[in-house]
Amino acid sequence: MPKMIELTPSNESMKPLSRPIVVVNRELFIHSTVKKHRHTWGQFVYASRGVLAVATTVSRYIVPPEQGVWVTPNTCHEVTAISDVELTSFYFDNTVLSGFPECCCVLNVEFF
């Protein structure tokens, strides 16, 4: 089994949100893991290239580019690159969460 490269969460995920919706782009290389963390807002984790694994304390999701994972506020999670990944995280302040799922889940990403 390959050795995993442990990464810290993004700077943006470790401080209060500056706007109701914040978008963070990041490149992850194969076998990289963003170590377990949590934040007080919701997050949609999506890779436009590559395959991700997102693990919470109760579930594990493996998602290709046509899907992403909704992570609810205060959920401990980690993100692992199964391949080289172009990652985009959308951080949503709790004031804009009306209509979002109440539990972590996979959501489809549709291109028009």
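Since this is a predicted model, take the numbers as computed values, not measurements.

## Here's the deal with empty space enclosed by the protein
Any empty space left between atoms is shown by rolling a water-sized probe over those atoms.
Here comes step 1: Counted according to the given criterion, the structure contains one cavity of 30 Å³ or more.
Here comes step 2: Put simply, the largest cavity is a space of about 120 Å³.
Here comes step 3: Forming the walls of the largest cavity are 14 residues, and the residues nearest its centre are Arg26, Gln43, Leu87, Ser89 and Tyr91.
Here comes step 4: When contributions to the lining of the largest cavity are tallied by element, the ones reaching two or more residues are β2 (21-28), β3 (32-37), β4 (42-49), β8 (77-81) and β9 (85-92).
Here comes step 5: The element contributing the most residues to the lining of the largest cavity is β9, with three residues.

## Some thoughts on the pattern of salt bridges
Here comes step 1: Summed over the entire model, instances satisfying the criterion amount to two salt bridges.
Here comes step 2: Of the charged contacts in the structure, one is a salt bridge between arginine 49 and glutamate 27, with a shortest N-O distance of 3.8 Å. Here arginine 49, found in strand β4, pairs with glutamate 27, found in strand β2; they are 22 residues apart in sequence, far enough to count as distant.
Here comes step 3: The class of glutamate 27 is partly exposed, set by a relative accessible area of 41%.
Here comes step 4: Measuring nitrogen to oxygen at the nearest pair gives 3.0 Å for the salt bridge that ties arginine 49 to glutamate 86. Of this pair, arginine 49 sits in strand β4 while glutamate 86 sits in strand β9, and the two are 37 residues apart along the sequence.
Here comes step 5: With relative accessibility at 36%, the residue arginine 49 sits in the partly exposed group.

About the thresholds
Residues numbered from 1 in each chain as written. Predicted model: local features only at pLDDT ≥ 70, side-chain atom pairs only at ≥ 80, totals over all residues. Heavy atoms only, no water. 1 Å grid on protein atoms, 1.4 Å probe; cavity = no way out; pocket = protein on both sides within 12 Å on 5 of 7 lines; lining within 4 Å. Points joined across faces, edges and corners; volume = space filled by probe spheres on them. Helix = DSSP H or I, 4+ residues; strand = E, 2+ residues; numbered from the N terminus. Salt bridge = Lys/Arg side-chain N within 4 Å of Asp/Glu carboxyl O. Buried < 20%, exposed > 50% of the residue type's maximum accessible area, 1.4 Å probe, protein only.

In short, shape yes, function no, at least from these values alone.
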